[in-house]
Amino acid sequence: MTTSVRLPRELEARLKRKLRADNLTISDYLRALIEDDLSVDQDRPGRAYELGRDVFGKFGSETPDLASNDEATLKKRLKARAADGR
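It should be emphasised that the depicted structure is a prediction, and the values quoted were computed from it without experimental measurement.

Enquirer: Explanation requested: the overall build of the protein in the structure shown.
Expert: The helix and strand inventory of the protein stands at four helices and zero strands. Taken from the N to the C terminus, the helices and strands of the protein come in the order α-α-α-α. For the protein, the exposed surface amounts to about 8500 Å²; the carbon and sulfur share of it is 52%.

Written out as C-alpha cells, the structure reads:
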C-alpha cells in the first residue's frame, strides 16, 4: 500500500530530525506506529476507564453529592474535628 501525507513544514522538520536521530526510515516509523495503534485494541487492555472499570465506584463515600457539595462537606468535617479538640 502506498500513501501520501501532507505535513506542515515544522512538523515535517521535526519528523526528519527524529528519524535521523533514531536512524529510521519513514516507512519503518509509520509501520511501527500503525502496528502499535492496531495492537492496542487486540493485545493490551487499552484506555484508562477499561483499566480501572472493576474498581470505579467500589469504595464509595456514601455521599452521593460529594463532588457538588465538597466545600460544605469540608466545612462540616472541620467543625466536627474542632469540636472534638483535634
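Enquirer: Please clarify how the pattern of salt bridges should be interpreted in this entry.
Expert: Any two side chains of opposite charge can pair, so long as their charged atoms come close to each other. For the coordinates displayed, the defined rule picks out four salt bridges. Between R17 and E10 there is a salt bridge, with the nearest N and O atoms lying 3.7 Å from each other. Here D22 makes a salt bridge to K18, at a shortest N to O gap of 2.7 Å. Residue D22 and its partner K18 are located together in helix α1 (residues 9-22), separated by four residues, close to a single helical turn.

Enquirer: Looking at this structure, I do not really get the confidence of the model for the protein. What am I missing?
Expert: Parts of the model with low pLDDT should not have their predicted coordinates read in detail. When pLDDT is averaged along the protein, the result is 83; 86% of the residues meet or exceed 70. When mean pLDDT is compared element by element in the protein, α1 scores highest at 96, while helix α3 (residues 48-52) scores lowest at 76.

Rules used throughout
Residue positions are given per chain, counted from 1 along the sequence in the order it is written. At least 70 in pLDDT is required for a residue's local features to be given in this predicted model, at least 80 for side-chain atom pairs to be given and counted, and no such filter applies to totals for whole chains, interfaces and linings, which use all residues. Based on all heavy atoms of the structure, the side-chain values leave hydrogens and waters out of the count. Segments assigned H or I by DSSP are reported as helices when at least four residues long, segments assigned E as strands when at least two residues long, and all are numbered from the N terminus. Shrake-Rupley sampling with a 1.4 Å probe provides the accessible areas, and residues are treated as covered by the protein chains on show and by no other component. For this document, the term salt bridge refers to a Lys or Arg side-chain nitrogen within 4 Å of an Asp or Glu carboxyl oxygen. The pLDDT value tells you how sure the predictor is about a given residue, anywhere from 0 up to 100.

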